[in-house]
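Chains, contacts and geometry: an overview
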Amino acid sequence: MEQWPWWVLGIAIVIDTVIRITAVIIIPRNRRPTAAMAWLLAVFFIPYIGVILFLVIGNPRLPRARRRKQDQINAYIDETSHQLHFGTLRPNAPEWFPPIVAMNQKLGALPISGDNGAHLISDYQSSLDEMAEAIRTADDYVHVEFYILQSDDATDNFFRALEEVAARGVTVRVLLDHWANRWKPRYRDTIKRLDAMGADWQLMLPMQPLKGRMQRPDLRNHRKLLVVDGTLAFVGSQNVTDSTYNLPKNIKRGLHWVDLMVRVDGPIVLSINAIFLSDWYSETDEVLAEIDITRAEIGSGDLDCQIVPSGPGYEVENNLRLFLALLYAAREKIMIVSPYFVPDEALLLAVNAACDRGVAVELFVSEEGDQAVVYHAQRSYYEALLRAGVRIWMYRRPYILHTKSLTIDDEVAVIGSSNMDMRSFGLNLEISMLVRGEEFVAEMRAVEDQYRALSRELTLEEWLQQPLRSTVLDNLARLTSALQ
């Protein structure tokens, strides 16, 4: 067998050495230690493949031009909000609450507002139908922004509502994530229906290299929101699609998604609209100057609300910092609902510290997983959580509990699109709504009680009996979750 010439081997050794040294210099810079270590291991063990992967998905930030747009948007919102009065805030806030609000505004520019109404919708089809009825009340415009948007039997009423208002001259603007929709079964039919009604629609974070539109290919705009005339809005975890997502594999397994949306009115609608306008500007370079986000209307309740945007357009993980602050602030009770709970070290420490302080902590997850890697990565934390004292409730199959919420004591809650995993913290554009008000938390508690009744509790004794192959899969998946 012919051997390679000595000089070829020498060049290969030099290239390999240069790759390793360069990786040690470049990869750890401004990156979490766990993520840096994961990337270094990938480069050291599989140098050429590891380098290619790092070049493709190693930068968790949006392109510089896109980040500049976000800075411009934040500066405008910050300047505008200082001159406005967004309702009257509730008195007697906990001493820890104002600093968290100030942090949120510093990171995401959006202020807190009072005099807001909020109503939870926990039934999947009812949520789609309530949004449809809200759309039918539009006089001026409807803003639709969803990670996944599909025209199907379940969403037909929603789309018919858009068609009806568009037919009478209401402006319909639609944003949908490119990658999340491009490969879905109903994508072409959905686009045709949007075109036929005359909607002005745009793809979010498109991967269109021939048009010069490129970024890290696994970045997603994961937000879900609807705004009607700037006076009524919806946010939450639900996409506009059938509860099976129309995917054959889900239908074969009998999987259905369980979600939670919240209908809001009052000054907070301006902040939700500001998120849509910023995403619209980011994708189109179009400033919708005719949309007024400075004139607030009093809502149907007196809840204090603040919108917290997050994602790779920001310098830090706004959502993670919000979650951490609330976990450390809790004194009595923490309820976490997250389909994908893959915490980093800081979040895991915050949960453990809460248990050590005597705070009752409960985590709601799904018994069934729809994404194998995330499902197994999440499972790798169960033993540590159970030993710390966390009660884990597993929502029974064949349902995927897709709600994303956090309730603290009996006064503060967060609901939105953000999971508690590495993807939502670093790669997805998310929207979260912070709410202060006992009446809203009481509604959340009622939903949590429903989830608990439809779940089974996982015990440490049961968990320790899992087979070795499951432990190995869980730990391997945990390692890949750090690659950001």
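This text follows the structure it describes.
Residues numbered from 1 in each chain as written. Predicted model: local features only at pLDDT ≥ 70, side-chain atom pairs only at ≥ 80, totals over all residues. Heavy atoms only, no water.

Bringing the packing of aromatic side chains into the picture now. How two aromatic rings sit relative to each other is set out by the distance from centre to centre and by the angle between their planes. Taken as a whole and judged by the stated rule, the model has 10 aromatic pairs. Pairing tryptophan 96 with phenylalanine 97 gives two aromatic rings, centres 6.0 Å apart and planes at 75°, and the pair type is edge-to-face. Both residues of the pair, tryptophan 96 and phenylalanine 97, belong to the buried class. Considering the side-chain rings of phenylalanine 276 and tryptophan 280, the 5.8 Å spacing of their centres and the 25° angle between planes classify their relative orientation as stacked. Of this pair, phenylalanine 276 and tryptophan 280 both sit in helix 11 (residues 268-284), four residues apart, which is roughly one turn of that helix. Through pairs of rings, three or more aromatic residues link up here, namely Phe146, Phe158 and Phe159. (Phe/Tyr/Trp six-rings, centres within 6.5 Å; stacked < 30°, edge-to-face > 60°. Buried < 20%, exposed > 50% of the residue type's maximum accessible area, 1.4 Å probe, protein only. Helix = DSSP H or I, 4+ residues; strand = E, 2+ residues; numbered from the N terminus.)

This paragraph deals with the environment of glycine 426. By secondary structure assignment, the location of glycine 426 is in helix 16 (residues 422-426). Since its relative accessible area comes to 5%, glycine 426 is described here as buried. Linking glycine 426 and leucine 219, residues 207 residues apart in sequence, is a C-alpha distance of 8.9 Å.

Burial of strand 3 (residues 171-177) is extensive: six of the seven residues sit out of reach of the surface. Of the pairings in the sheet, the one linking strand 2 (residues 141-146) to strand 3 comprises six bridges and is parallel in character. Note on strand 3: the bridge partner recorded for phenylalanine 146 is leucine 176. Tracing the backbone out of strand 2, into helix 7 (residues 156-167) and back to the parallel element strand 3 gives a crossover that is right-handed. (Pairing = 2+ DSSP bridges. Right-handed = clockwise from strand over helix to strand, strands pointing away.)

Our next topic: the side chain of arginine 436. Within the secondary structure, arginine 436 is located in strand 17 (residues 428-436). The exposure class assigned to arginine 436 is buried, which follows from its relative accessible area of 2%. A distance of 3.1 Å separates a polar atom in the side chain of arginine 436 from the backbone oxygen of asparagine 92. There is a polar contact of 2.7 Å between the side chain of arginine 436 and the side chain of glutamate 411. (Polar contact = N/O pair within 3.5 Å; in protein donor to acceptor, adjacent residues only side chain to side chain.)

What follows covers helix 11. An ideal rise of 1.5 Å per residue puts 24 Å on 17 residues; helix 11 measures up with 25 Å between its terminal C-alpha atoms. Across the 17 residues that make up helix 11, a large majority, 16, are buried. Just past helix 11, the residue aspartate 285 takes up positive phi, approximately 65°. (Expected span 1.5 Å × (residues − 1).)

It is at 9 Å that the axes of helix 7 and helix 9 (residues 187-197) come closest, and there the two elements cross at 20°. Taken together, helix 7 and helix 9 sit at an angle that is classed as roughly parallel. Here Asp156, Phe159, Arg160, Leu162, Glu163 and Ala166 of helix 7 lie close against helix 9, whose contacting residues are Thr190, Arg193, Leu194 and Met197. Class assignment for the residues of the contact of helix 7 with helix 9 results in five nonpolar, one polar and four charged. (Axes fitted to C-alpha atoms, helices over the stretch in contact; angles between N-to-C directions. Parallel < 35°, antiparallel > 145°, perpendicular 65-115°, else oblique. Contact = heavy atoms within 4.5 Å. Nonpolar A, V, L, I, M, F, W, Y, C, P; charged D, E, K, R; others polar.)

Moving on, we get to unusual backbone geometry. A cis amide bond, omega 10°, links arginine 397 with the succeeding residue proline 398. Mapped onto the elements of the fold, proline 398 is located in the loop between strand 13 (391-395) and strand 14 (399-401). With phi around 80°, alanine 109 is a residue other than glycine that occupies positive phi space. As for its position among the elements, alanine 109 is in the loop between helix 5 (97-108) and strand 1 (113-121). Even without being glycine, asparagine 246 reaches a positive phi, approximately 60°. Here asparagine 246 shows up in the loop between strand 7 (232-236) and helix 10 (248-253).

The next point concerns the environment of valine 374. Along the chain, valine 374 falls in helix 14 (residues 372-379). Sequence separation between valine 374 and phenylalanine 341 is 33 residues, and the spatial gap between their C-alpha atoms is 8.4 Å. When neighbours within four sequence positions are excluded, valine 374 is seen to be in contact with Tyr340, Val342 and Asp421.

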